[in-house]
Amino acid sequence: MAIERTTGTDLDYGGESDSRKLLGQLRTALAEDSEGQERLDRVTSIIADAMGVEVCSIYLFRDSETLELCATEGLRPEAVHKTRMRIGEGLVGRVARDKRPINTADAPSEKGFRYMAETGEEQYSTFLGVPIQRLGENMGVLVVQSKERRAYSDDEVYGMEVVAMVLAEMTELGAFVGEGAALAPLHRRAVTFKGGIGQEGSAMGHVWLHEPRVVVTDPIGDDPDDELKKLDVAISTLQISVDELLATAGSADKEQLQVLEAYRMFANSRGWRRRMEEDIARGLSAAAAVEKEQTATRQRMSQVPDAYLRERLHDLDDLSNRLLRILTGQGKETGAEMPENPILIASNIGPGELLEYGRRKLKGIVLEEGSVASHAAIVARAWAIPLIVHTGPITAEALNGDLILVDGEHGVVHLRPEDPVVGSFRDKMAMEAAQQERYVDLRDKPAESKDGIRIRLTMNAGLMADLPSLGSSGAEGVGLFRTELQFLTQPKVPRRGELAEQYSSVLDRAGDKEVVFRTLDIGSDKVLPYMKPQDEPNPALGWRAIRVGLDKPGVMRMQLQALIRAAAGRKLSLMFPFIAQLQEFRDARELLFREIERERRMGHLLPHEVKVGAMLETPSMAFAPSQFFTEADFISIGGNDLKQFFYAADRENERVRRRYDTLNVSFLNLIEMIVRRCQETGTPVSFCGEDAGRPIEALVFAALGLRSLSMRPASIGPVKHLIRRMDLVGLRRVIDDARASGAQSVRPSVVEFLYKPNNGS
Ligand code: PEP
Ligand code: MG
């Protein structure tokens, strides 16, 4: 369809001064002491008037999927708060979905046009809709329509975008909330987010944003010259700070320098500055102009498929953020007090930053991104606080201090929940607490089934702070001590002396209980901050764990020396991660014995006993030569990795991870085979993946012959409780019957069995 361009007609609204005039009128309207709806109505009439059009309407999101006509000048008033459309539906829905303007002189012939009889819009053929958005947050659509067939000039579209930006800011600030308005107040309504479970548990508390939001309180500038000056000063400050960063980075690693150089390039970019200057000339304040630019960057970021370009846009976004903080004076440190029972909200967070908050401070963690197997998840698990990952845009919605409920059992987050939800959540927490009480009573009792089968329950750990749980949970030892956490939380490789001291304290705290140290498992998602990232197409299948240890043995040797020294005169149990073939185990063990020999030559006191195990976390080792089972002093099944490789399903990818049940017959057959091979050679075997801490999975493993399970401390009570009520031989029969029946998973049969009276339910 040909668009007739009409720039320069008597309706011409392209000039900057017209734009400023309109913003000025809007500001006056917004400053008036009126209720939300009245204000919104007034805004539509001002815009319609300034643009010389018959219709101006504002549609805002009712929920993430539905837009609602909230105010109009020109359409039928009865349609307000009645006309709704889903995102993508009709022209308005398309503007919202694509976050791009639609400008047409013949709306009815446009693809997707939907005629809304109740609004009386059939007479209007010209349509211009622009998204109301702020920093990637979709808020609604601003529309103007007229009978005259014309298309708006680029300049007019741009002017409308500036107006939409102001509306976004005002909506954000709650300017349209009030009596009589059916508008759901932004940042005040109850919102639920669904994510992945990083760590179970329930928490009720208040939002603490890792990166507080910057709020632009006055989006309209009084005097463009003043605003231009402010922008100029802020950009100079920014440039100086980037130059300083570059100077202090000195000969830091090349990639870091490259990032800083890119920063400097953006900070000096004419195009970047010019776009913001143009917005100021149209009437925006300097801060709003920066935010508008940032909104555009985010919009581009969401559409660019190229990873490199996305990264660069990310740098630009980060730079705008810094500029905005300089302009508004709202630094990261806002001086706000951390609320009671803080629940940390972040888009993502590294383990170092997380550990800075300290174990006792946080009641829960919610991450917009993150993954179940991320470093944050490991720390959250160690801290035994609920963690939800992959929630989507919660940082845009939550405000510091908001009430928030974290349901780590179902992966649900309730932000600003309604009273009935709070009430039932309290009941749920009370029930969980009562349950925990029951587990405390079990602490010193053995995990022995009704038919007399004894299961050894140990805990997984990774931080010094985990050790107190050894006593409180009733764990019989530490079945897996993940040593990489100490490495992940430091800016440089820890020294041998430091490590020896830490390992020694771990052994001191454990007393006569065994601690199985696992040597460094880095690579894949566990990237050390000081290690050059490997550009590998498939890091989970790449150069990680023992592969790094054997190829570049410097750090592993140092770690082995530290472990030998820490265990002087005591028992040392250690195991190697990610063994995929017998020779790797032999080489790693050889390395250990060489270090022991070296320590002996140096006259150091040696451990009085050394047990060397292997983690079995690649399917290849289930089929290894029997020498693997005879030479290893013990085997620990790393179910997290074993499962991901067995099913070829990335453990960090929520979409594929959940497709495959641990109780799937194929996986159980594999586990059973490993157990049988260990029984044949008399090799102690344990299971230390996350599934060991899930009560039903733990029971099934026990029924299949596993006699040792290592799990997070909070799982020991529930698992022990169930084992003590269980007839494992009976359960085994149920599992065998289900397997013989051709079922894909034994779960339904097991659950049915558990629900029978006297069977653990
Ligand atoms: C495993 O893979 O099951 C395991 C315990 O190791 P991690 O989760 O640290 O990879
Ligand atoms: Mg593993």
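Computed from a predicted structure; not experimentally measured.

A few words now on the overall build of the chain. Within the chain, the secondary structure is distributed over 27 helices and 22 strands. Pairs at least 24 residues apart make up 67% of the contacts formed inside the chain by residues separated by at least 6 positions. Accessible surface for the chain amounts to roughly 32,400 Å². Of this, 49% is attributable to carbon and sulfur atoms.

Remember that side chains alternate between the two faces of the sheet whenever the strand is regular. Within strand S1 (residues 55–61), seven of the seven residues are buried, leaving the element largely enclosed by the surrounding structure. The two faces of S1 match: Val55, Ser57, Tyr59 and Phe61 on one face and Cys56, Ile58 and Leu60 on the other face are all buried. Sheet topology places S1 next to strand S6 (residues 137–146); six bridges connect them, and they run antiparallel. Directly across from Leu60, in S6, lies its bridge partner Gly140.

Here we come to unusual backbone geometry. Glycine aside, residues mostly have negative phi, and peptide bonds are mostly found in the trans state. Even without being a glycine, Ala545 presents a positive backbone phi close to 50 degrees. With respect to the helices and strands, Ala545 occurs in the loop between strand S17 (514–518) and helix H17 (546–551). Here the phi dihedral of Ala648 falls at roughly 55 degrees; this positive angle occurs in a residue that is not glycine. Within the secondary structure, Ala648 sits in the loop between helix H21 (639–647) and helix H22 (654–657).

Our focus in this paragraph is the coordination of the magnesium ion (ligand 2). Protein coordination at the magnesium ion (ligand 2) comes from Glu617 (OE) and Asp641 (OD), with a distance range of 2.1 to 2.2 Å. Separated by 24 residues along the polypeptide, Glu617 in the loop between strand S19 (609–616) and helix H20 (626–631) and Asp641 in helix H21 bring together distant segments of the chain. Since its relative accessible area comes to 2%, Glu617 is described here as buried. Judged by its relative accessible area of 3%, Asp641 is buried.

Two residues of an α-helix separated by three or four positions point the same way, owing to the 3.6 residues in each turn. Compared with the 28 Å implied by 1.5 Å per residue over 20 residues, the 29 Å span of helix H19 (residues 582–601) between its first and last C-alpha is a close match. Within the span of H19, buried status applies to Leu582, Glu584, Phe585, Ala588, Arg589, Leu591, Leu592, Glu595, Ile596 and Glu599. Check the buried side of H19 and you find it contacts H17, helix H18 (554–566), strand S18 (571–576), S19 and H20. Gly603 sits one or two positions beyond H19 and adopts a positive phi of about 85 degrees.

Taken together, the neighbourhood of ligand 1 is formed by 14 residues, with Arg482, Arg518, Gly638, Asn640 and Arg651 sitting nearest. Between ligand 1 and Gly638, the relevant distance is 3.3 Å, taken from an oxygen atom to a main-chain nitrogen or oxygen of the residue. For ligand 1, the protein covers 99% of the area, taking 290 Å² as the surface of the free molecule. Looking at the shell around ligand 1, the elements that each hand over two or more residues are strand S16 (477–482) and H21. At three residues, the largest contribution of residues to the shell around ligand 1 is made by H21.

The next subject is the packing of aromatic side chains. What the rule picks out here adds up to eleven aromatic pairs. Note on Tyr503 and Phe517: the rings are 5.3 Å apart at their centroids and 55 degrees apart in plane angle, and the pair reads as tilted. Within this pair, whereas Tyr503 is found in helix H16 (residues 496–510), its partner Phe517 is found in strand S17, the two being separated by 14 residues in sequence. The class of Phe517 is buried, set by a relative accessible area of 0%. With centroids separated by 5.3 Å and ring planes inclined at 70 degrees, the aromatic side chains of Phe646 and Tyr647 adopt a geometry described as edge-to-face. Given the relative accessible area of 30%, Phe646 is considered partly exposed. Residue Tyr647 is classed as buried on the basis of its relative accessible area of 14%.

Most of S16 sits out of view: six of its six residues are buried. Pairing of strand S15 (residues 456–461) with S16 involves three bridges; the strand directions are parallel. In the strand pairing of S16, Ala461 is matched with Phe481. Read as a crossover between parallel neighbours, the route from S15 over helix H14 (residues 468–473) to S16 is right-handed. Here S16 runs beside S17; their pairing, made up of four bridges, is parallel. If you follow Phe481 over to S17, its bridge partner there is Phe517.

In this section: the environment of Asp512. Along the chain, the position of Asp512 falls in the loop between H16 and S17. Spatially, the C-alpha atom of Asp512 lies 9.7 Å from that of Glu476, the residues being 36 residues apart in sequence.

Here we take up helix H2 (residues 36–51). In this model, H2 (16 residues) spans 23 Å end to end at C-alpha, consistent with the 22 Å of a helix rising 1.5 Å per residue. Of the positions making up H2, those classed as buried are Gly36, Gln37, Arg39, Leu40, Val43, Thr44, Ile46, Ile47, Ala48 and Met51. Positive phi shows up at Gly52, right after H2, with a value of about 65 degrees.

Moving on to the pattern of salt bridges. This model, assessed by the stated rule, comprises 51 salt bridges. Put simply, Lys292 and Asp279 hold a salt bridge, and the shortest N to O gap is 3.2 Å. With Lys292 in helix H8 (residues 286–301) and Asp279 in helix H7 (residues 270–281), this residue pair connects regions lying 13 residues apart in the sequence. A relative accessible area of 14% places Lys292 in the buried class. Classification of Asp279 as buried rests on a relative accessible area of 3%. Across the pair Glu514 and Lys571 runs a salt bridge whose closest N-O atoms are separated by 3.2 Å. Here Lys571 lies in strand S18 and Glu514 lies in strand S17, a separation of 57 residues in the sequence. Residue classification places Lys571 among the partly exposed residues on the basis of a relative accessible area of 31%.

On to the confidence of the model for the chain, then. When pLDDT is averaged along the chain, the result is 86; 89% of the residues meet or exceed 70. Counted against residues more than four places away or in other chains, residues 1–14, with its pLDDT under 50, gives 34 contacts.

A general trend in soluble globular proteins is that nonpolar side chains are found buried together. Counting 115 residues, the largest nonpolar core has Phe517, Phe576, Phe628 and Leu709 as its most contacted members. Counting residues per element, this core draws most heavily on helix H23 (residues 665–681), which supplies nine residues. For this core, the domains that each give at least three residues are domain 2 (191–212 + 334–419) and domain 4 (454–754). Leave out the neighbours within four places in its chain, and Phe628 touches Ile579, Leu582, Phe585, Ala614, Leu616, Met621 and Ile635. Within the second largest apolar cluster, 59 residues are counted, among which are Ala29, Val43, Ala48 and Ala234.

Our focus in this paragraph is the environment of Ala649. For Ala649, the location among the structural elements is in the loop between H21 and H22. Residues Ala649 and Tyr660 lie eleven residues apart in sequence; the distance between their C-alpha atoms is 8.2 Å. With residues up to four places along the chain from it excluded, the contact list for Ala649 reads Gln644, Val656 and Tyr660.

Before going further, it helps to examine the environment of Leu327. Within the secondary structure, Leu327 is located in helix H9 (residues 307–328). Note: C-alpha distance between Leu327 and Ala287 (40 residues apart in sequence) is 6.2 Å. Beyond its immediate chain neighbours, meaning those up to four positions away, Leu327 contacts Lys230, Ala234, Ala286, Ala287 and Val290.

About the thresholds
Residues numbered from 1 in each chain as written. Chains lettered and ligands numbered in written order. Predicted model: local features only at pLDDT ≥ 70, side-chain atom pairs only at ≥ 80, totals over all residues. Heavy atoms only, no water. Helix = DSSP H or I, 4+ residues; strand = E, 2+ residues; numbered from the N terminus. Contact = heavy atoms within 4.5 Å. Areas by Shrake-Rupley, 256 points an atom, 1.4 Å probe, with all protein chains shown as cover. Buried < 20%, exposed > 50% of the residue type's maximum accessible area, 1.4 Å probe, protein only. Pairing = 2+ DSSP bridges. Donors = N, O, S within 2.8 Å, 3.2 Å for Na, K, Ca; no water. Expected span 1.5 Å × (residues − 1). Near = heavy atom within 4 Å. Polar contact = N/O pair within 3.5 Å; in protein donor to acceptor, adjacent residues only side chain to side chain. Phe/Tyr/Trp six-rings, centres within 6.5 Å; stacked < 30°, edge-to-face > 60°. Right-handed = clockwise from strand over helix to strand, strands pointing away. Salt bridge = Lys/Arg side-chain N within 4 Å of Asp/Glu carboxyl O. pLDDT = per-residue confidence, 0-100. Core = buried A, V, L, I, M, F, W, Y, C linked by side-chain atoms within 4.5 Å. Domains from an automatic or database assignment.

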